[in-house]
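Residue-level structure breakdown
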Amino acid sequence: MPCAVANEPDKTDSSAMKIFPVALLSALLASSVFAQDAPIDWRTIATEFSEDQAAAEAKYAGKMITVTGPVSSIAEGAMTTESTPAVAVILSTQDGPGPDVKCLFENEDLEPNTQLAVTDDASEVLIRTVDQVGNETGSRPFIQSGQQITVSGSFFEFDAGDIVLRHCRMAAGAPAQ
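The residue numbers shown here count from 1 along each chain, following its written sequence. Owing to the predicted nature of the model, reporting of local features is limited to residues with pLDDT of at least 70; listing and counting of side-chain atom pairs is limited to 80 or more, with chain, interface and lining totals taken over all residues. Computation of side-chain values: all heavy atoms of the structure, hydrogens and water removed.

**Regarding helix α2 (residues 42–51)**
Counting along an α-helix, one turn takes 3.6 residues, and residues three or four places apart therefore face a common direction. Note the threshold: Whether a residue is buried, partly exposed or exposed follows from its accessible area with a 1.4 Å probe, protein chains only, as a fraction of its type maximum: under 20%, in between, or over 50%, in that order. Only runs of H or I of at least four residues qualify as helices and only runs of E of at least two qualify as strands under DSSP, and these elements are numbered from the N terminus. Throughout, the arc means that of the directions going from the helix axis to the C-beta atoms. Polar contact criterion, stated in full: a pair of N or O atoms within 3.5 Å, where within protein one must be able to donate a hydrogen and the other to accept it, and residues adjacent in sequence count only if both atoms are side-chain atoms.
Turning to α2, its buried residues are Trp42, Ile45, Ala46 and Phe49. The buried residues of α2 occupy an angular sector of 100 degrees when projected down its axis, which confines them to one face. N-capping of α2 is provided by Asp41, with a side-chain oxygen placed 3.0 Å from the backbone N of Arg43.

**Some words on the side chain of Arg166**
Structurally, Arg166 can be placed in strand β9 (residues 162–170). For Arg166, a relative accessible area of 10% gives the class buried. Here the side chain of Arg166 touches Glu106 through a polar contact of 2.5 Å, side chain to side chain.

**Things to note about the sheet that holds strand β7 (residues 136–144)**
Using the following cut-off: For two strands to count as paired, DSSP must find a minimum of two bridges between them. Where helices are involved, their axes are fitted lines through C-alpha atoms of the stretch in contact, as for all axes, and angles between N-to-C directions lie from 0 to 180°.
One open sheet holds the 3 strands; their spatial order is β5-β6-β7, and the pairing between them is antiparallel. For this open sheet the edge positions go to β5 (114–118) and β7, each flanked by a neighbour on one side alone. Within the sheet, the average angular offset between the axes of one strand and its neighbour, ignoring direction, is 30 degrees. Of the pairings in the sheet, the one linking β5 to strand β6 (residues 124–130) comprises 5 bridges and is antiparallel in character. Across the sheet, the residue bridging to Leu116 is Ile127, located in β6.

**Quick word on unusual backbone geometry**
Of note, the phi angle at Ala122 is positive, near 55 degrees, even though the residue is not glycine. A positive phi angle, close to 55 degrees, is found at His167, a residue other than glycine. Tracing the backbone through its elements, the reader meets His167 in strand β9. Owing to a relative accessible area of 30%, His167 belongs among the partly exposed residues under this scheme.

**Some details on the packing of aromatic side chains**
When we look at a pair of aromatic rings, we describe it by the centre distance and by the angle of the planes. Short version of the rule: Each Phe, Tyr or Trp ring (for Trp, its six-membered ring) is paired with any other whose centre lies within 6.5 Å, and the angle between the two planes then decides the class: stacked below 30 degrees, edge-to-face above 60, tilted in between. Note on geometry: a ring has a charge over it if NZ (lysine) or CZ (arginine) is within 6 Å of the ring centre and within 35 degrees of the ring normal.
All told, the structure shown has 5 aromatic pairs when counted by the stated rule. Taking 5.7 Å as the distance between ring centres and 35 degrees as the angle between the ring planes, the aromatic pair formed by Phe49 and Phe155 counts as tilted. Of this pair, Phe49 sits in helix α2 while Phe155 is found in strand β8 (residues 148–159), placing the two residues 106 residues apart along the sequence. Like Phe49, the residue Phe155 is buried in the burial classification. Summarising the aromatic geometry, the rings of Phe105 and Phe142 are spaced 5.5 Å apart at their centres and angled 90 degrees between planes, so their arrangement reads as edge-to-face. Pair noted here: Phe105 is in strand β4 (residues 100–106) and Phe142 is in strand β7, with a separation of 37 residues, a long-range link. A single burial state applies to Phe105 and to Phe142, both of which are buried. Each member of the aromatic cluster is reached from another via a ring pair, and the members are Phe49, Tyr60, Phe155 and Phe158. Sitting over the ring of Phe156, Arg166 keeps its end group 5.1 Å from the ring centre.

Next up, the structure:
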């Protein structure tokens, strides 16, 4: 009487061969769709908005962008966004090509028990740590006027001559100098 023999599975490990194409495809998609090759100099983006505002808005609408430039001024308060107090860090120079880049660092994006604060003379942004009640327990420098920084943020709008980025963070791999 014939005997049924089950096929033995191939002894080679094919899991790596199955994972590699998925990982490669994911990396290619992330690099081409979501990542930016290099930071954009603030003058480049300002020139784009000066020359053709509609084209620049269409180019950056809904995108995360990374911009590098010198901090020309710092402002604090509710005037920076409609719902969340934030600190506005302006990238520009006096001889710049036109619009400034306004980078909004918002408290809602920080780690728990931390807040942004601007010094009385508006020359520096501090990160303050606070206890559960809200009392300051310490602070450290974050951004200073005149400093060259690289910031990643979501393009929000072009408003009153400013290119506005929201939910900004210091760019990974590009520490503040």
